[in-house]
Every structure is written in structure tokens, then in C-alpha cells.
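Coordinates in review
For reference, the chains in residue letters:
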Amino acid sequence: MKRLFKISLALCVCLIVGTPMRAVEMLPTFGDIDHIHLPALIVQHADGDLSLQLRAQDTTYIDNAQYKETVIKTKDLVQPFYVTIHVRQWKSVAITETWYEILHTEKKPVRLERYDSGYLPIEGDAPYLLHLHGNWAAEGVPTIEPLTRGVKTIRNSDGARNAHLDAPQVMISLDGVPQENYGRVLGAALCWSGNFEIRVAATDEKGFHFYAGIDPMASEYVLAPKQVFTTPHLAYTYSNEGMGGVSRAFHQWARTCGMIHNGNATRAILLNSWEGIYFDITEEKILAMMNDIAAFGGELFVMDDGWFGGKYQRNSDDAALGDWTVDTRKLPNGLEALTKAAKERHIQFGIWIEPESTNTLSELYEKHPNWVLQERGRELKLGRGGTQVVLDMTNPEVQDFVFSIVDNLLTKHPEIAYIKWDANASIQNYGSPYLQALSENKSLPFRGVGGVRSNLYVDYHLGLVKTLERIRAKYPDVVIQNCASGGGRANYGLMPYFDEFWVSDNNDALQRVYIQWGTSYFFPSNAMAQHIGGSPYLMTGRTTPIKFRCDVAMSGRLGMELQPAHMTDEERAQCTVAFRDYKALRSLIQLGNLYRLVSPYNDKYQMSNVKLPETQSVAALMYVNDTKDQAVLFAYGLSSFMKQASRRIRLAGLDPNRTYTLHEKNISVKYHHDRGSWGEGEPCELDGKSFTGEYLMSVGLDIPLSTEYNRDYPSRIFYLIGN
Ligand code: DGJ
């Protein structure tokens, strides 16, 4: 059979085992490659030599309950320069990770000019690339394009975050436009939170070479003798079940292989204060919000930005970051009163912090101006609020300070069950006072132009991870949300330290269908924080029914983010029904296997082989449990016109031989005149009907999503129970 595709890792391992073979098959190095490769590793040795000819010296194998790992030690033919190649294959899930450990014993530091995490040759008849390109409030927009001759590069140079604009996860379909449930697709995620560069380069034949790693731009890494540099891991998967297969592998890996702390746990339903009251925090308002979330049946209240400050008050985004003491003008009885109140209401309490930043209007900045990233002699560029600057996470003292923010909160208030860790600034000031001092320290070996100053982009994230590791060692159980102006840090570099991430600052339910769709390509639903927002929505002005807003948020980790005091009785009643039903379906939604059925992007990318422009535009997805006897189906109408046919939705992932009974969930509420109150209305005609899995997957369902049944933005949720 014609070999169209190869993941050459296993092959290359065989090739270089035992004999001192060239390592270039697995790690193309500058000075050892042929004309069709790009280098994945470029090194300037201490004496100026730019070549690297690695040869395998020793291969060992690790085989434990979780994974098999091949460890190949290599050495340069001339210099005392060593690279250890790691290839880890997980046993319970089809994910392979590669990474390199770099070490030398040269007389002086060497400069790593490029240091990718992995390289892979790819052959396909008509390869297509899928990558996520978005922005703040519009994260995760899939871009699908054919791979053509030349080099396609995807990179992010924000410095502190790496998933707004371009994200470090991609898929490559080998046979044309990637399809959801069939076709051969490769998935790759660089497990790194800083700047990255992913390249797909055409070879001279019909193949391509894939490279991924830290972006070397302004990041030549200066490595002292005997210092080990470990590249970020690069995680791959390959599926012949299309994009869906790749997604499910990443989801499973995230949940079961320790990528998310406690990844197989379900998450609580919460109310976050941000879009309800912004900085206008008072004890009275917080207590009222707690009453509301408890009354709806929610389980957690999170107090967002605005609760701290001393000399400078946090009434807007221009002051007080870094001054992490409770503002007693707003909260006269401190956090004690709030944690006590939460306990009385049988809910948990959570709090917002932004530990890596400060404002020039803060006591922290006045005391430690040298803790801020800045280039000596240059004016500070200021971010959010016209005053925000980023702390120098390369500095161990700053790392201690950041650790102490969490440590103080959790030591004084062990009742805090949840922390939202935000990051709202890019690295705009390229300069670390700490690395500058190291470079100028005569007793250290960092000589030459700049010393270690170009380590900044990398050491920032190594410092961040070190701090997070310390936090997790002491506080393994507190739930921590990864937020970066929304989904700016949706990456697998930080996933081991966080339980979930904030998908987007945009809570408009319609746009959320799209944002959540793209994000789900790589991340599991229990990691995706999705909140019911207000209507009309403050950013887009769009009015959407409460039922639609609930149904859209319910497909991931459910929460709400609005002022409950402004909700109508209908909205309150619907949220109460939604919370009740979500609790019953929670483990299925948060831990089930995702099948995306109809993409909201269909029109744009023709991802479906059936194109019916005259039908209503819809999106549908479902989760199925491992034993395939339970599933939950979400269907959303994205545009609705009278008498417009709704599209038949074919299900996936079911057992064709089982019979499934449909139960409609989160049924629209209506006013019951006899009772004088709001309560559930009637389910649609599909409720209680039974179909075989084969019928549901081959014929599909006509889900009532027209204006005859619902209003604008109709939606339905069904729970399927198989016999
Ligand atoms: C940006 C986050 O994405 C929002 O959810 C909110 O926490 C604000 N920061 C608070 O300043």
C-alpha cells in the first residue's frame, strides 16, 4: 500500500539505537542537515563554532504503568555538547510527547540560537492545516488552509500569553479539508505558555516537515556549562477519525495523564462578580450576589477584580495591582465576613488575583520599582489602565512574592476554594533588571554581548512555572482558573497547574458558540469555563433568550456572570431549571467524549459534505460516555426565519445496536397562570421518543429549532439513555 503518512518517531528510534547513528533524523541540527531540512537546533558554541553533529551514544527505555519512554543520549562529534532526546508514548491514550534536554561542558556559555521541541516528516496527498487564530473577545477561530510550497509559520510574540491571535496547537489533515468524524488527521500541541513558532516547510518532493518550539526571536538562550536546558514538551496525536478523533485524544490525555490537576474531577457551578458589578464591590452587593447564586442552586461565588488596595484604591484598572490587602473601605469586615457568609449559604468562595503585574500607581511599585520588567534607560511602556506593568518573573525574589500572594490568602483564609489567576498584560518592556544584574556580575561566566539578557522571554515562563509548582505542592486541592484577558493562555504549558481556563471575555451567547467550538478542538469541556451573560449583552448589544444563553454555557463548565439583581423572574426561573438539570448531566458533559456534529463554521469552510444553504444555520454537538449508554445532545439555531427548514442532525459516537430514549432538558420556562409563577413549560415532541443508535447516526433527528417552537436563537438539549 502506498505509504502516504508516517510518524517517523518509532522508525527513527530503531534507526539510531545501538550504533552511533546520526541523530539528525529525529533532530535536524544546523551543520548536519541536508538541503531539504530546516534546522530544529542551532547552537553557537563557546568558541564560535556554529555546527552540531549529534551521534547517538546510548539508548534506554522506561516502561511503567502509564507510558513507554525512549531516551536517546547523543553527543556532538567535536564539542562536549550533549542532547538527550525523549519520546514518551502514553499507554491509555494515543499521545506521544517529544522533548530535548540540552547540556554542555564547554569552557564558556553557549548560545542556543534555535531550540525546537520536536520535528516530524509528514506525507499526505493534499495536506491541510487547521490552526486557531483569534483575538481578545474572539478567541479560537479555526483557520483552515491548504499547505502549499514554501514555509508556513505560526507564531505568537506576546511574551506573557500565547493564545490570543495565534495559539500553539494545530491539526494537519492529510487528505484535503479536514472532516469532523473521518479522515487522517495529525494533532500537535506545544506545551508552553510563552512565545512559540510552529513551521511547516515543504520538502523538495511532495512531503512536508513540521517543526515546533519556542520562538527564537529575541530569545537566544545563553546556557552556562553544566546547566541543563529542557525544551517544552511537544504532544502529538494521530487519528483516522478526523478532527473529532484528534480532539478526543487531547481531551482524554488532559484528563487522565496529569495535564490538568485533578483532571477527572467535575467542576462547581459558579457566579462570578465581574460583569455584574465590575470594580464596584461592596459587602452588601457581594452578600446579595451570594444569596442569588445559592438560591439558583449554584455552588460557588467568585469575587473578581476590585476587592484590594490600600493607599491606592482599585476602583478602575489603573491602580493597586500588587497591593493584595483587602480594601476595608469596600469590605469593612474583611474576607472573613464573606467566607463565613458563603459557608452559611452552603456555597464555596473564590477570589480573583493578577499576581504577575503591578500598576505604577501602587505601593508595590513604589517599594520595588526594580521588580518590573524594563530596559535600563528607556521609558516604561504602560499597558492596561495606562499604568500596568509586568513583574520580572525571572527574579527569585519576585517569584517568592507571587507565591506569597496565594500563600497569604490561603493561609489566612483556608476556606477559599477557588482562585481566578488573571494576566492582562503583554511583555512590552523587553528588559529584566534581574538578568541585567546577572550579566554584569563579574563572578559569573556570562560574558559577551548582552550576557543572559536574551533569556528573558524563556526565563519569565520558567519562573512562572516554578512558582506555580510551588503553589501546587502546597495547595494541590484549591481550584485555580487560568485567565488571561479571556482565553489568552489556553495552552498545554500551563494546564498542569490549573483546573480550567476562562474561554473568553466575550459572553455573548451567539459568538460563544463559535469561540467554544474552536477551543474544543484541543481542550476538554471541564477545563472550559462558560458563563451565562446578561442580555442585551454589554459588548455586542445582542439580545438573546435566557434559554439559549443557558444552553450555550451548559456545554462546558457552567457558570454565570451578570448582576442577578437585574434578572427578570423568567430568567431566574430558567437558570434554576438549568442548574438543576446541569447537575444531573454534569459528569456526562464535563467528562464525556465530545462529538461535534454540525459546525457553526459550515458555511465558511464547507466542513460538511452536505451543503444546504436554504436551511437554518445551526450548530450541534454531543457528549457520550465510555460505555455508550448515555449521551447529551446540544443543538443551537444560529439564525432563524419563519418557515425555514431546520437541518436534520445526524448523531455520532453511539452504539448502533442500542435503543436510546430522548429526554429534553432545560425545557423553556413559561408563566403558569394557575400557580401564579414561572416554571418549566412543555417539552418538544421528541421527548420520550426512542430510536436505535444506528437510526440516530445514519438518518438523524429533525430537532424543532424553528420560530414556530422557540423565539430567536432557539436551542434544545436532550439527554439520551440507551438500553
Ligand atoms: C480580565 C478578565 O478576563 C475578566 O474576566 C476580569 O477578570 C477582568 N480581567 C478583571 O480586571
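The shown structure was predicted, so the numbers you read here are calculated from the model rather than taken from an experiment.

Conventions and cut-offs
Residues numbered from 1 in each chain as written. Predicted model: local features only at pLDDT ≥ 70, side-chain atom pairs only at ≥ 80, totals over all residues. Heavy atoms only, no water. Helix = DSSP H or I, 4+ residues; strand = E, 2+ residues; numbered from the N terminus. Buried < 20%, exposed > 50% of the residue type's maximum accessible area, 1.4 Å probe, protein only. Pairing = 2+ DSSP bridges. Domains from an automatic or database assignment. Contact = heavy atoms within 4.5 Å. Buried area = accessible area lost by both parts, 1.4 Å probe. Salt bridge = Lys/Arg side-chain N within 4 Å of Asp/Glu carboxyl O. Polar contact = N/O pair within 3.5 Å; in protein donor to acceptor, adjacent residues only side chain to side chain. Nonpolar A, V, L, I, M, F, W, Y, C, P; charged D, E, K, R; others polar. 1 Å grid on protein atoms, 1.4 Å probe; cavity = no way out; pocket = protein on both sides within 12 Å on 5 of 7 lines; lining within 4 Å. Points joined across faces, edges and corners; volume = space filled by probe spheres on them. Axes fitted to C-alpha atoms, helices over the stretch in contact; angles between N-to-C directions. Parallel < 35°, antiparallel > 145°, perpendicular 65-115°, else oblique.

On to unusual backbone geometry. With an omega of -5 degrees, the peptide bond between Ser 535 and Pro 536 qualifies as cis. Within the element layout of this structure, Pro 536 appears in the loop between strand 25 (528-532) and helix 11 (546-553). The phi torsion at Leu 165 lies on the positive side, around 60 degrees, for a residue other than glycine. With respect to the helices and strands, the residue Leu 165 is situated in the loop between strand 9 (151-156) and strand 10 (166-173). On the basis of relative accessible area, Leu 165 is assigned to the partly exposed category, the value being 43%.

Time to look at the pairing of strand 28 (residues 618-624). With respect to burial, strand 28 is a largely interior element, seven of its seven residues being buried. Residues Val 618, Ala 620, Met 622 and Val 624 line one face of strand 28 and the alternating positions Ala 619, Leu 621 and Tyr 623 line the opposite face, and both faces are buried. Two strands pair when backbone bridges link them, and strand 27 (residues 593-598) and strand 28 are joined in this way by five bridges, in the antiparallel orientation. Across the sheet, the residue bridging to Leu 594 is Tyr 623, located in strand 28. With seven bridges connecting them, strand 28 and strand 29 (residues 630-637) associate as antiparallel partners.

In terms of domains, the chain is made up of domain 1 (2-256), domain 2 (270-591) and domain 3 (593-722). Using C-alpha coordinates to define each centre, domain 1 is positioned 31 Å away from domain 2. Contact with domain 1, which involves 48 residues of that partner, is made by 48 residues of domain 2. In total, domain 1 and domain 2 occlude about 3800 Å² of area from one another, counting both sides; carbon and sulfur atoms represent 60% of this. When the buried surface of domain 1 facing domain 2 is broken down by residue, Glu 139, Arg 161 and Arg 255 rank first, second and third, together holding 17% of it. Scanning the region where domain 1 abuts domain 2 turns up zero salt bridges. Applying the counting criterion to the domain 1 and domain 2 interface returns 26 residue pairs in polar contact (both at pLDDT 80 or more). For the side of domain 1 that touches domain 2, the elements supplying multiple residues, two or more each, are strand 6 (110-122), strand 7 (128-133), strand 10, strand 11 (185-190), strand 14 (221-223) and helix 2 (242-256). Per element, the largest residue contribution to the side of domain 1 that touches domain 2 is seven residues, and it comes from helix 2. Class assignment of the residues belonging to the side of domain 1 that touches domain 2 gives a composition of 29 nonpolar, twelve polar and seven charged.

Moving on to the layout of surface pockets. Reported here for the largest pocket is a volume of approximately 840 Å³. Elements with a minimum of two residues in the lining of the largest pocket: strand 4 (81-90), strand 14, strand 15 (229-230), helix 7 (396-412), helix 8 (433-440) and helix 9 (456-474). With seven residues, the single largest contributor to the lining of the largest pocket is helix 9. Broken down by class, the residue content of the lining of the largest pocket amounts to 23 nonpolar, eleven polar and five charged.

Let's shift gears to the packing of helix 4 (residues 283-296) against helix 12 (residues 569-591). Close contact between helix 4 and helix 12 brings their axes to 8 Å; oriented N to C, the two are set at 55 degrees. When the axes of helix 4 and helix 12 are compared, the pair comes out oblique. Of the residues in helix 12, those in contact with Asp 292, Ile 293 and Phe 296 of helix 4 are Arg 572, Thr 576 and Phe 579. A breakdown of the residues in the contact of helix 4 with helix 12 according to their chemical character gives three nonpolar, one polar and two charged.

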